[in-house]
Amino acid sequence: MRKVKSVLLAAAFVIGYIGVAGACFGQSMGANDSLLNYVNPLIGTANGGNVYPGPTTPHGMVQLGPDTDMRNWSDGYDYGDSVIIGFSVQHLSGTGIPDLGDFAFVPSVGEMKFVPGMEKMKTPGGDTRFIFNPDSGYCQSFLHKDEVAKVGYYSVRLPKYNVLVELAATPHAGIMKFTFPKTDSANVMVDLSHVLQWKVIWSRVRRLSKTLVTGFHLVHGWATERYLYFAAEYSRPYDDFGIMMDGKRVYYNTYRFRSSYEADGPDLQYYMTYSTEKNPVVMVKVGISAVSSENALANLKAEIPGWDFDKVVRDARAEWSKEMHKVTIQGSTAEKQTFYTALYHTQLDPTIYEDVNGEYRGLDQNIHTAKGFTKYSIFSLWDTFRAEHPLMILIHPREDADMINSMLVHYDQSVEHLLPMWSLYDNETWCMIGYHAVPVIADAIMKGVKGFGYERAYEAMKATAMNPHYDSVKEYAEIGYVPYNHEDESVSKTLEYAYDDYCIAQAAKKLGKEQDYKYFMKRAMSYKNLFDPTWKLMRAKDSEGHWITPFDPAKYNPTITEGTNWQYTWFVPQDVQGLINLMGGKRDFATKLDTLFIDKDTEGASEGNTGEIGEYWQGNEPSHHIAYLYDYAGEPWKTQDFVREVATKFYYNKPDGLCGNDDCGQMSAWYVFSTIGFYPVCPSDDYYVIGTPGAEEAAIHLGNGKTFRMKALNFSAGNKYIQSVTLNGKNWDKTYIPYEAVSNGGELVFKMGREPNKNWGTAKDSAPPSISHAE
């Protein structure tokens, strides 16, 4: 059944990607950059990838797009859905928790409905699921053959009313083009109560003229206090206008004066109605701001002063063209589609979070002005410290510095004096664990990224790691681990704190803080305190030092974050050799890794493209470095084997071509690095661990103006094993490559073959560096 569904999805995907409006797009946009044509925003919109297909700009604040869902824990769009609720102005990219989806714009003809048509149903398993019924609300059915998703452009024809919807975006604004049939009742309704998953607790709308409406809503959601203001300008005066509140039209009823041009409350909609007998097109452009409707209008006027829809598309595609040329590859069409879409996804988040005048709403809910840097938000740091931010250091160091400055003002505004954990629109969601702004900042310090103050940043890292209120950090520092009887996810927290502390230690050493270096290096060794030598796995202890019982390492349990003990045991990136020693040496370590990739006992394992090989789970971030650990154990051919399997099995050019939530670009960043042939196993260290190339050639056009090139001789699907390597023309037998070798520009050449060369990368000094020495 699953195979039949997959075939049908794939067929529909091919038709939909070509689309009935594709010819119109090609004629009017004129953007012929071949690299952009490889990007397909529909990749990852099925199977829980949770990406959105609508138009945006690199790190843009506006992500216009269709919402096919708003209550089933998606980020608004799922390729398997058959209805569109409306078109909203903001979307998250690949998160496991939905939010945003602000202000649904809904075109229709004739009689309007003002509720989306949401109904509850029970699944066979007894769970509640929400469906959307076009017969009971304003949602409308659609077909993928009538849908086009391109870089900077999205369109769909809604057959119920035969309305063509086209979308384009700038960093702070978007433009919607609705082409109606001939009618005297073409409507554009806006639902201010529309948001994904959560609840609008207040909103306001004001009609300022026959072509301009402003308003805002306040959402209590994953971000607990999120304001979003808008200014919507229409291409021509309406024939009729109305505001609906709680299902009733707002009007003056002669008892007490009440303007029909403004209203406030938690459930508001407004609409404009037009005759399209002579002109079928109605356009709406909308600016947004977290500060005020005045700023939203200023953002709109600055970025879309006129009504040239095609220019907005061309400008966005020009910006994306620059991004696609940051990292280029040579390969098959399918390889390029997968790669450039992944690269596209890495440049969506974090997003700009300031208006054109530099103002933004801070963590303290006051209005601030970003001075000397661009303010960003949406920091999914538990995910993105691993590869997303290391990629930014290479291709966008200036922007990475601005993101760090954004984290530092968060720290300044925090009553707890903490760096962000998971920041959404400058609300701290307290999602996930660790203090992973630290590796992002420390990695930038260690690699010499300019544009932020190192001393100020170090102060923030240290204060965060020493905060006595945060998730048992005080007890962890005192006894060397987080006890499971005092704190959930205790094993994962201990391991992640230890890694973060290692990152602080490296920054301390570089900045000449020797005492801090020693202190945090001692904390970085805390992982050893939870290693059970009997199981040779990480295992929780209580506050008295007793192992948790019973113990099933393949079972999801409260001591582990989103995984099992089998999966989390390997999170010691700062001291892989130390973990090797605990397991009894390289052979025993490699054998244990073999077992991870072979055994399949994980409770609740899923079918389909979830990224599972044995107990290994590419679909979630704690596993992302594991395949590269064979390099440390002297068996690099196994790293080559599994990296290639993961890259080709779990990433491909179809809607379900991501094996899990993209998590603001991290899942895609893994693929970008792994295609080039190496991966940042331990951000804040000065090297990358070699895997196996996933393309014939690649070039990284670095932020410093230099270029690093990779070539894979004899590259093919079967030739996944490295036979030899040269770096800048010299033989290279290391299974890692120094950061400086990449940042200075140069050339890495792999010679590939069908059988493993067990003599390459296996010498005593070939393994990547580690704190501990082999025992």
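Above this note sits the structure.
Just so you know, these numbers come straight off a predicted model, no measurement behind them.

An account of the overall build of the protein is needed here, citing residue identities and associated values.
Helix and strand counts for the protein come out as 20 helices and 40 strands. In terms of overall dimensions, the protein has a C-alpha envelope of 90 × 55 × 55 Å along the principal axes. Across the protein, every contact between residues at least 6 apart in sequence was considered, and the portion connecting residues at least 24 apart equals 70%. Element-wise, carbon and sulfur atoms account for 51% of the exposed surface of the protein, whose accessible area totals about 27500 Å².

Account for the sheet that holds strand β27 (residues 422–424), naming residues and giving values.
Backbone hydrogen bonds are what pair the strands of a sheet, in a parallel or an antiparallel way. The strand order β26-β27-β28 describes an open sheet built from 3 strands, whose pairing is antiparallel. Strand pairing shows two members of the sheet lacking a second neighbour, β26 (379–380) and β28 (427–428), which therefore form its edges. Two elements, β27 and β28, share 2 bridges in a ladder whose sense is antiparallel. Along β28, the bridge assignment pairs S423 with E428.

An account of the pairing of strand β15 (residues 226–234) is needed here, citing residue identities and associated values.
In terms of residue burial, β15 counts as a mostly covered element, since 9 of its 9 residues are buried. Covered by surrounding structure in β15 are R226, L228, F230, A232 and Y234 together with Y227, Y229, A231 and E233, the residues of both alternating faces. Of the pairings in the sheet, the one linking strand β14 (residues 212–220) to β15 comprises 8 bridges and is antiparallel in character. Paired with L218 across the two strands is Y227, which belongs to β15. In sequence, β14 turns back onto β15 through a hairpin of 5 residues. Here β15 pairs with strand β20 (residues 281–289) via 6 bridges, running antiparallel.

Give a detailed account of the sheet that holds strand β38 (residues 730–731), specifying residues and quantitative values.
Pairing is mixed in the open sheet, where 6 strands are placed in the order β21-β35-β36-β40-β37-β38. Edge positions in the open sheet fall to β21 (327–330) and β38, since each of these has one partner strand only. In the sheet, strand β36 (residues 707–713) pairs with strand β40 (residues 746–753) via 6 bridges, with the strands oriented parallel. By the bridge assignment for β40, A712 is matched with F750.

Criteria and cut-off values
Residues numbered from 1 in each chain as written. Predicted model: local features only at pLDDT ≥ 70, side-chain atom pairs only at ≥ 80, totals over all residues. Heavy atoms only, no water. Helix = DSSP H or I, 4+ residues; strand = E, 2+ residues; numbered from the N terminus. Contact = heavy atoms within 4.5 Å. Areas by Shrake-Rupley, 256 points an atom, 1.4 Å probe, with all protein chains shown as cover. Pairing = 2+ DSSP bridges. Buried < 20%, exposed > 50% of the residue type's maximum accessible area, 1.4 Å probe, protein only.

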